[in-house]
Amino acid sequence: MPMFKTLRDLLKVPKKEMGLCMVVSEQEGAEIWVDGKPTPFITPRMIAVPLNEDVNIEVRMTGHQVHSATVRSPQKLSYYYCNLERIPLRLVRDEIDNSAFI
């Protein structure tokens with residue numbers, strides 16, 4: 001009886017070819033999200049992406065606008081760079097929220 005290392009081998013599911021994508025942002029320490037899901041990684045970081053498939057990469061950092069791009073690479077190694085724009089701060093003066101009073 002043959003032995004199988006993984007369920008994928010048993011079911012003969014074709015294995016996706018993976019490549020590496022270096023994700024770099026001008027502001028180091030930004031969160032990396034892949035296909036709308038958070039990852040435990042922060043920039044700069046190399047992540048695995050399937051070859052020849054669209055992958056949505058988001059780079060997020062507090063106080064900055066989210067930068068999003070769709071990456072599709074036939075190469076084993078690709079590079080994604082972005083510069084996050086700061087969210088402008090607005091000074092609030094002499095404004096009182098009356099709903100806070102009893």
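Just above sits the structure.
Below or above, wherever it landed, is the structure these notes cover. These figures come from a predicted structure and were not determined experimentally. (Residues numbered from 1 in each chain as written. Predicted model: local features only at pLDDT ≥ 70, side-chain atom pairs only at ≥ 80, totals over all residues. Heavy atoms only, no water.)

1. Focus on the nonpolar core
Of all hydrophobic cores here, the largest spans 13 residues; its most connected members are Cys21, Val23, Ile47, Ile57, Val59 and Tyr80. Broken down by secondary-structure element, the contributors of at least two residues to this core are strand E1 (18-25), strand E4 (45-50), strand E5 (55-60) and strand E7 (77-82). The biggest single contributor to this core is E5, with three residues. (Core = buried A, V, L, I, M, F, W, Y, C linked by side-chain atoms within 4.5 Å. Buried < 20%, exposed > 50% of the residue type's maximum accessible area, 1.4 Å probe, protein only. Helix = DSSP H or I, 4+ residues; strand = E, 2+ residues; numbered from the N terminus.)

2. Observations regarding the side chain of Ser73
Counting through the fold element by element, Ser73 comes out in the loop between strand E6 (67-71) and E7. Separated by 3.1 Å, the side chain of Ser73 and the backbone nitrogen of Gln75 make a polar contact. In this structure Ser73 touches Leu51, Asn52 and Ser78, once residues within four positions along its chain are discounted. (Polar contact = N/O pair within 3.5 Å; in protein donor to acceptor, adjacent residues only side chain to side chain. Contact = heavy atoms within 4.5 Å.)

3. Looking at the pairing of E7
Across the two faces of E7 the burial differs, with Ser78, Tyr80 and Cys82 buried and Leu77, Tyr79 and Tyr81 not buried at all. With six bridges joining them, E1 and E7 adopt parallel strand pairing. Of the residues in E7, the one forming a bridge with Val23 is Tyr80. (Pairing = 2+ DSSP bridges.)

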